[in-house]
Amino acid sequence: MHSTQPIDQFNMIAQRIMIIVGILMCILGTIGNLLNICIFIIWCRSRKSTNKCSHLNRSMNSLLYLLVSSFANLIIIIYPFSTRILFDGYQYEISEANVFFLCKFRYYILHTFYLISLTSICLATFDRYLITSRDVHLRELSTTKYRTILIILFICLLIGLHNIPLLKYFNVSSDGQCQISSSIYIYYYLYIFRISLQGLLPILFLSIFGILTFKQLKLLEQHQSNKHLNSDRQLARMLLLISITIIIASIPNCVEQIYDLIFSNDNHRHSSRFFLYHVISSILFYTNPVASFYIFYISTPNFRHQLRHLFPKKRTDDYFVQHQIHSRAEPSN
């Protein structure tokens, strides 16, 4: 009796954390990403109507990438995250009858849209690096809106095709858990898919180009007094904070995956303490899709100002664009 009591307590704590924190994150994440989508659509449309001034489109590509990332995050929260709460919070077991929707298709949606969101953030960061470069040849590499849309469609198609094996190899185990049935593909899934594509590569990419972008902005501030640099700085800050969130959220989940593979026959994998760690790492893994709106709101004055103008009866002009137009109209010394 004494040995089972702490085990039951750990399981109960883990389940309550997943239910309470998970449901709260689902609500906040859904609201936040819907607001993200509204704001980014307004900004993209505002730039479309002001395309006569070339520098007004400096942020267009990054905003398109952020819009796609918000759509992907919303889907992740509505389907994969909500079902994770069912599995870990309410101990819902998967059977052969629902294995496709709760296992195969769920993991396909999760990894497809998570990679789309992650890739969009990386491309937005790289676009900021190109735009803020003092090298004319690098600035010219920043694509037009039409080409950016083609890039987004190509990446979505490529990731969707790459993840098709998930539909085949994910199956339900004897204890009602999702697992990969192929002993070969599981190594690709862990080392290439989870650790490299969703872990190390984005972390390195975002770290390098985030730092380079901020260095270039500081150099531009020393040589130019144009106030539209403030918008570039705010977008760069948004992307840097999102990058930090991705890094922090990815590490615990990667550790769990590595441990799960190396000690696949270890009884500790089924212990209550490991289940508690699994719940915490799962919550952290979904922090990035949930927290993006709140990071944008805290870090970006333009974003806060635009949010305040979403709900009045008479919507005012887009502050973000008007701020740039005002800067354009001021004579330079």
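All values derive from a computational prediction rather than experimental measurement.

Observations concerning the state of the cysteines
Here a disulfide denotes a covalent bond joining the sulfur atom of one cysteine to the sulfur atom of another.
1) Next: Per the counting criterion, the structure on display carries one disulfide.
2) Next: The side chain of Cys-103 participates in a disulfide bridge whose partner is Cys-178; the two sulfur atoms lie 2.3 Å from each other. Within this pair, whereas Cys-103 is found in helix α3 (residues 99-131), its partner Cys-178 is found in strand β2 (residues 178-180), the two being separated by 75 residues in sequence.
3) Next: Taking the relative accessible area as the measure of exposure, Cys-103 reaches 0% and is therefore buried.

A closer look at the packing of α3 against helix α5 (residues 145-162)
1) Next: Here α3 crosses α5 at 145°, and the two axes come no closer than 10 Å. Of the two elements, α3 crosses α5, and the hand of that crossing is right-handed. Residue-level contacts link Tyr-108, Thr-112, Leu-115, Ile-116, Thr-119 and Leu-123 of α3 to Ile-151, Ile-155, Cys-156, Ile-159 and Gly-160 of α5.
2) Next: A per-class count over the contact of α3 with α5 returns eight nonpolar, three polar and no charged.

A word on the nonpolar core
Soluble, globular proteins show a tendency: their nonpolar side chains are buried together.
1) Next: Counting 69 residues, the largest nonpolar core has Phe-40, Leu-66, Phe-81, Ile-94, Phe-170 and Tyr-189 as its most contacted members.
2) Next: Tallying contributions element by element places helix α2 (residues 60-89) first for this core, with 14 residues.
3) Next: Setting aside its immediate chain neighbours within four residues, Ile-94 contacts Phe-87, Val-99, Leu-102, Cys-103, Val-172, Gly-176 and Cys-178.

Focus: α3
1) Next: Between the first and last C-alpha of α3 there are 46 Å, a value that for 33 residues agrees with the 48 Å anticipated at 1.5 Å per step.
2) Next: At Arg-106, α3 shows its maximal kink, close to 35°.
3) Next: Within α3, 26 of the 33 residues are buried, which leaves the element mostly enclosed by the surrounding structure.

What about the packing of helix α10 (residues 287-299) against helix α11 (residues 301-308)?
1) Next: Contact geometry of α10 with α11 gives a least axis separation of 5 Å together with a crossing angle of 105°. Between α10 and α11, the interaxial angle falls into the category roughly perpendicular. In contact with Phe-293, Phe-296, Tyr-297, Ile-298 and Ser-299 of α10, α11 contributes Pro-301, Phe-303, Arg-304 and Leu-307.
2) Next: Residues of the contact of α10 with α11, tallied by class, amount to seven nonpolar, one polar and one charged.

A word on the confidence of the model for the protein chain
1) Next: Within the protein chain, residue pLDDT values average 80, and 80% of them lie at 70 or more.
2) Next: Counting contacts from residues 50-56, a segment whose pLDDT is below 50, to residues more than four positions away or on other chains yields eleven contacts.
3) Next: Counted against residues more than four places away or in other chains, residues 327-333, with its pLDDT under 50, gives four contacts.

The rules behind each value
- Residues numbered from 1 in each chain as written.
- Predicted model: local features only at pLDDT ≥ 70, side-chain atom pairs only at ≥ 80, totals over all residues.
- Heavy atoms only, no water.
- Disulfide = S-S within 2.5 Å.
- Helix = DSSP H or I, 4+ residues; strand = E, 2+ residues; numbered from the N terminus.
- Buried < 20%, exposed > 50% of the residue type's maximum accessible area, 1.4 Å probe, protein only.
- Axes fitted to C-alpha atoms, helices over the stretch in contact; angles between N-to-C directions.
- Left-handed = near helix turned anticlockwise from the far one by under 90°.
- Contact = heavy atoms within 4.5 Å.
- Nonpolar A, V, L, I, M, F, W, Y, C, P; charged D, E, K, R; others polar.
- Core = buried A, V, L, I, M, F, W, Y, C linked by side-chain atoms within 4.5 Å.
- Expected span 1.5 Å × (residues − 1).
- Bend = angle between axes of the 7 residues up to and from the residue.
- Parallel < 35°, antiparallel > 145°, perpendicular 65-115°, else oblique.
- pLDDT = per-residue confidence, 0-100.

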